[in-house]
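Observations on the model geometry
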Amino acid sequence: MFILDKELNMPMIPVRGIVIFPGQLLHFDVVREKSIAALEKAESGKKLVFLVTQKNISDENPKMEDLYGIGTVAVIEQILRIPGKNSILHISVKGLYRAGLNRAIDNGKFLFAELRSFEDIEIPKNRVKYCKALMRKAIDYFCDYLDVSPAMSPDIINKCFGIKNPGDLADCLAENVIVEFEERQKILEIQDPIDRLEQVMFIIVRETNLLKIEEEISEKVQERIDKNQRLYYLNEEMKAITEEMNGTDSDSDIESYRSSIHDLKASDEVKNKLLKECSRLEKMSQSSPDAYVSRNYIETCLELPWGVYTEECKDIDLSAKILEKDHYGLKKVKERILEQLAVSTISSEIKGQIICLVGPPGVGKTSVARSIARATGRNYVRIALGGVKDEAEIRGHRKTYIGSMPGRIIDAIQKSKSSNPLILLDEVDKLSADYRGDPTSALLEVLDPEQNFGFTDHFIDMPFDLSRVLFITTANIRSDIPAPLQDRMEIIELSSYTFDEKFNIAKKHLLPKQIKRHGLKASQLHMTDKTIKTIISDYTKESGVRSLEQNIASICRKAAVKIISGETEKINLKPDDLVSYLGTQKYKEDILFDRDEIGVTKGLAWTSFGGEMLEIETAVLEGNGKLELTGSLGDVMKESAKTAVSFIRSKSETLHLDNDFYKTKDIHIHVPEGATPKDGPSAGVTIATSLVSALIGKKVRSDVAMTGEITLRGRVLPIGGLKEKSMAAYRAGIKTVIIPYENLPDLDEVDDTVKNKIRFKPVKTIDQVWNEAVVEYNGQVGDR
């Protein structure tokens, strides 16, 4: 069948060993001069070239009879000249249609082909269904071929699914099946598309079976290889490679280990175990995983400071000066450390002690531990325990696992390079347990002076003496520390800093520290005392000094900018200048402290960050006896409110209240800062005072704060956290604090500065509270 729009006269290139099909994209190199000339001729015209396969691939100058009669007309997609090889072209062509070679004309420069049409035979209508089934089966056979063919991409199958013509499908499959070029040529010469597809299917099935047989043969041969012999040769080869790369002799390493073991100041038990491990390592192949584990174990044990101790400071006066220089205040901590130094100087029987510093954030728990290490002459190591959930973090992992390592305790000893360091266990109250074990339980042995002389880490698997280690732990909340751990530690509670302490800390420590850190000189930045006090009062509200230090650092940064830019040479900062450095005032004194009000009472609360001032407001409204409690109150606090209402109902006559006020009045008790959860029984007297003030219409003194639990009989019961609560009252400028009578001994813990500024009023009954706090109150209620 002849189609007029197909070109039948064009340059010709004989190709060797390859057959191109219509629709195929092919890349190959062109070397022969006539072929290069034919390409250049085609490139200058319609870019069409006739590609025909020559019968003998070794023939350099084929004639007409040396070429097959059927080839493919292709379009030139790209021609690349290989750099440095001008006689070689790399071309990319795409097959268009089949054509028969009638005549090959050699004009001396290149070959020119006169062609005849070679179109596919039209498919009879009665064979259309057969044709569709044949195409499906052909694709199935090709999928089986892809499964066993190592050089085929599975993406080819997607292209096949998009083909609708059996002849085109046969061409697509033929170009992707690995067979000799003679077979490809036979497929190219078949005009009937159904016959062509059947022939391709035969080749695919044949090649699939051959590949499967080859795979079976390969597996059988592989099984016959002696595994032990193969492993031996591989190990010997790896050993030779390792020695060549390392440039060291493993035998000399082992001898070095043995020499180091003999020099250890450890017990014979430790030495014998390490020597035994060296003997095991000597018998191993140095490239095996076990050798790596054994070598890592020996090196870790040798790095431990067995019997190595630093000389502790015996000069009490020098230690006291170091502690005073580094930290202001913290009297209890300093006294305790000096006591230990004095006792250890007199008696060598005193081993390492375990001290726990409990207090709100920013009061210097972590930094004082570093100062203690310096004062006692010990090496300092810090272990952060916050968020630790795995017992192996403390005790380590078994050395049999690749990548295992000792626990944090032994790791800290290794880093300190001594057996008597100061180890800080930071945030011990933040430990938690999960399915991997309880790290708190693992710490029991570490922090027990009667057991830690033989602490055994899972990785080391030998006892190590921790009895001369000084352990200091820190925590924010004492109740979060498990009871068995508390029992093993001496707990020292650090309270919030007073205003005067913050001022002295800022002036003597924080300001010089930040000036030095920011590269300034003391002469370049000066703050008046009033400026420092203004920063404390107007820009911070905290138990410690962390936020205060951040504000001072911010001032130093801005001062550095002004000095570097040449705006000024030195800065003398005054209170009025703080707005330009720190912004507007962040904390202002509450105006409620300046006047007495009805139904508004000042309470004191304890938090993990120290004491806080708490206001309780009560409103009595006309209604039907509903009690409304708002402000994110917990169950205990709600029960305290109900207790206060019941007690006042029982004393309604004495208070000159209507006997049915609880039926005709709605009572709304609110604690501001509603987003903050609040709970605890110590607000009982505060709620009762606020409620009675609102019911009898008498004001509550604004300079009085109170704390205490109330009973149904009007007794005031003791509370906890008096030291922190009194500090909050001091910061708020309160003049009088009402406390339960049974808390009188706790006043010994309150700072002298606070006791000089605040009058503490101990009470036994709620009546005494009201007499002190409610203006013009002369009632006589409560249990005597």
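Summary of the structure given here. (Residues numbered from 1 in each chain as written. Predicted model: local features only at pLDDT ≥ 70, side-chain atom pairs only at ≥ 80, totals over all residues. Heavy atoms only, no water.)

**Structural notes on the side chain of Lys-334**
With respect to the secondary-structure elements, Lys-334 resides in helix 12 (residues 331-346). Only 3.4 Å separates the side chain of Lys-334 from the side chain of Glu-324, close enough to count as a polar contact. (Helix = DSSP H or I, 4+ residues; strand = E, 2+ residues; numbered from the N terminus. Polar contact = N/O pair within 3.5 Å; in protein donor to acceptor, adjacent residues only side chain to side chain.)

**Some details on the pattern of salt bridges**
The final tally for this structure, using the stated rule, is 27 salt bridges. Arg-382 is the partner of Asp-426 in a salt bridge, and the nearest nitrogen-oxygen pair spans 3.0 Å. In this pair, Asp-426 is assigned in strand 9 (residues 422-426) and Arg-382 in strand 8 (residues 380-384), connecting sequence segments 44 residues apart. Each of the salt bridges in this network shares a partner with another, and the network as a whole consists of Arg-98, Asp-120, Asp-171 and Arg-196. (Salt bridge = Lys/Arg side-chain N within 4 Å of Asp/Glu carboxyl O.)

**Quick look at helix 6 (residues 193-223)**
Between its first and last C-alpha, helix 6 extends 45 Å over 31 residues, near the 45 Å set by a 1.5 Å rise per residue. Along helix 6, the positions that sit buried rather than exposed are Pro-193, Ile-194, Arg-196, Leu-197, Val-200, Met-201, Ile-203, Ile-204, Glu-207, Thr-208 and Leu-211. Buried residues along helix 6 sit in contact with strand 5 (89-106), helix 2 (128-148), helix 4 (166-176) and helix 5 (181-188). Residue Asp-192 occupies the N-cap position of helix 6, its side-chain oxygen lying 3.0 Å from the main-chain nitrogen of Ile-194. (Expected span 1.5 Å × (residues − 1). Buried < 20%, exposed > 50% of the residue type's maximum accessible area, 1.4 Å probe, protein only. Contact = heavy atoms within 4.5 Å.)

**Some points on unusual backbone geometry**
In this structure, Asp-461 takes a positive phi of about 60° despite not being glycine. By the secondary structure assignment, Asp-461 is in the loop between strand 10 (455-456) and strand 11 (463-464). In this structure, His-656 is a non-glycine residue whose phi angle is positive, near 60°. Positionally, His-656 belongs in the loop between helix 22 (635-650) and helix 23 (661-664).

**Brief notes about helix 4**
Among the 11 residues of helix 4, 10 are classified as buried, and the element is accordingly described as predominantly covered. Those residues of helix 4 not exposed but buried are Pro-166, Gly-167, Leu-169, Ala-170, Asp-171, Cys-172, Leu-173, Ala-174, Glu-175 and Asn-176. Contacts from the buried residues of helix 4 go to strand 5, helix 2, helix 3 (156-161), helix 5 and helix 6. Measuring from the backbone nitrogen of Gly-167 back to the side-chain oxygen at the start of helix 4 gives 2.8 Å, which picks out Asn-165 as the cap.

**Description of the packing of helix 22 against helix 24 (residues 684-696)**
Any two packed helices are characterised by how steeply their axes cross, that is the angle between the axes, and by the distance between the axes. Across the interface, helix 22 lies against helix 24 with an axial gap of 9 Å and an inter-helix angle of 45°. Here helix 24 runs oblique to helix 22, going by the angle between their axes. Judged by the sense of rotation from one axis to the other, the crossing of helix 22 with helix 24 is right-handed. Residues Met-637, Ser-640, Ala-641, Ala-644, Val-645 and Ile-648 of helix 22 lie in contact with helix 24, whose contacting residues are Gly-684, Ile-687, Ala-688, Leu-691, Val-692 and Leu-695. Here the contact of helix 22 with helix 24 is composed, by residue class, of 10 nonpolar, two polar and no charged. (Axes fitted to C-alpha atoms, helices over the stretch in contact; angles between N-to-C directions. Parallel < 35°, antiparallel > 145°, perpendicular 65-115°, else oblique. Left-handed = near helix turned anticlockwise from the far one by under 90°. Nonpolar A, V, L, I, M, F, W, Y, C, P; charged D, E, K, R; others polar.)

Worth remembering: the numbers are spatial, not functional.
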